[in-house]
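# Coordinate analysis (summary)
Letter by letter, the chains look like this.
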Amino acid sequence: MFTERGVSVAQAKKRGRLSPVLAGTIAIELGEEPQRWIAIAALEAEKESPLLAS
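Now for a look at the structure at hand. Values in this document were obtained by computation on a predicted structure and should not be read as measured data. Throughout, a residue's number is its position along its own chain's written sequence, starting from 1. With pLDDT at 70 or above as the cut-off, local features in this predicted model cover only qualifying residues; side-chain atom pairs require 80 or more to be listed or tallied, and sums for whole chains, interfaces and linings still use all residues. Calculation of side-chain values draws on the structure's entire complement of heavy atoms; hydrogens and water are dropped beforehand.

Here a helix means four or more residues in a row that DSSP labels H or I, a strand means two or more in a row labelled E, and each is numbered from the N terminus. For the chain, the helix and strand inventory stands at 3 helices and 0 strands. Sequence-ordered secondary structure for the chain, helices as α and strands as β, is α-α-α. Note on classification: 1.4 Å probe, protein chains only; a residue is buried when its accessible area is under 20% of the maximum for its type, exposed when over 50%, partly exposed between these limits. Out of the 54 residues in the chain, the part that is buried amounts to 17%. On the chain, roughly 4,400 Å² of surface is accessible, and the fraction owed to carbon and sulfur atoms is 60%. Using a 1.4 Å probe, accessible areas were evaluated by the Shrake-Rupley method; residue-level cover was limited to the displayed protein chains.

Here is the structure:
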């Protein structure tokens, strides 16, 4: 499992963003609230999201 996640993290670094699933999984492992990090990752995946406009 760690190897698969390591590859996923490497791909995320290359793309410049985490998938919502990977963000949630990492949050759980770190004892964080997964819903929050899933939502953040989903918003960041949408480049044209009006919710990200400053």
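Topologically, Thr-25 is positioned in helix H2 (residues 20-29). Here Val-21 takes part through its backbone oxygen, which lies 2.9 Å from a polar atom of the side chain of Thr-25. Polar contacts, as counted here, are pairs of nitrogen or oxygen atoms within 3.5 Å of one another; within protein the pair requires one atom able to donate a hydrogen and one able to accept it, and residues that are adjacent in sequence qualify only if both atoms are side-chain atoms.

Checked against the element boundaries, Leu-18 lands in the loop between helix H1 (2-15) and H2. As for Leu-18 and Ala-45, which are separated by 27 residues in sequence, their C-alpha atoms are 8.0 Å apart.

Taken together, the buried positions of H2 are Leu-22, Ala-23, Gly-24 and Ala-27. Following H2 by one or two positions, Gly-31 has its phi on the positive side, about 80 degrees.

For any two helices packed against each other, one specifies the crossing angle of their axes together with the interaxial distance. Helix axes are fitted to C-alpha atoms over the stretch in contact, other axes to C-alpha atoms as well, and angles between N-to-C directions run from 0 to 180 degrees. Here H2 crosses helix H3 (residues 34-45) at 150 degrees, and the two axes come no closer than 8 Å. With respect to H3, the axis of H2 lies roughly antiparallel. Regarding H2 and H3, the two cross each other, and that crossing is right-handed. Residues Pro-20, Ala-23, Gly-24, Ala-27 and Ile-28 of H2 pack against Pro-34, Trp-37, Ile-38, Ala-41 and Ala-42 of H3. If an angle is under 35 degrees, it is roughly parallel; if it is over 145, roughly antiparallel; if it lies from 65 to 115, roughly perpendicular; otherwise it is oblique. The crossing is said to be left-handed when, going from far helix to near helix, the turn is anticlockwise and less than a right angle, and right-handed when the turn is clockwise. Throughout, a residue-residue contact means that at least one pair of heavy atoms, one from each residue, lies within 4.5 Å.

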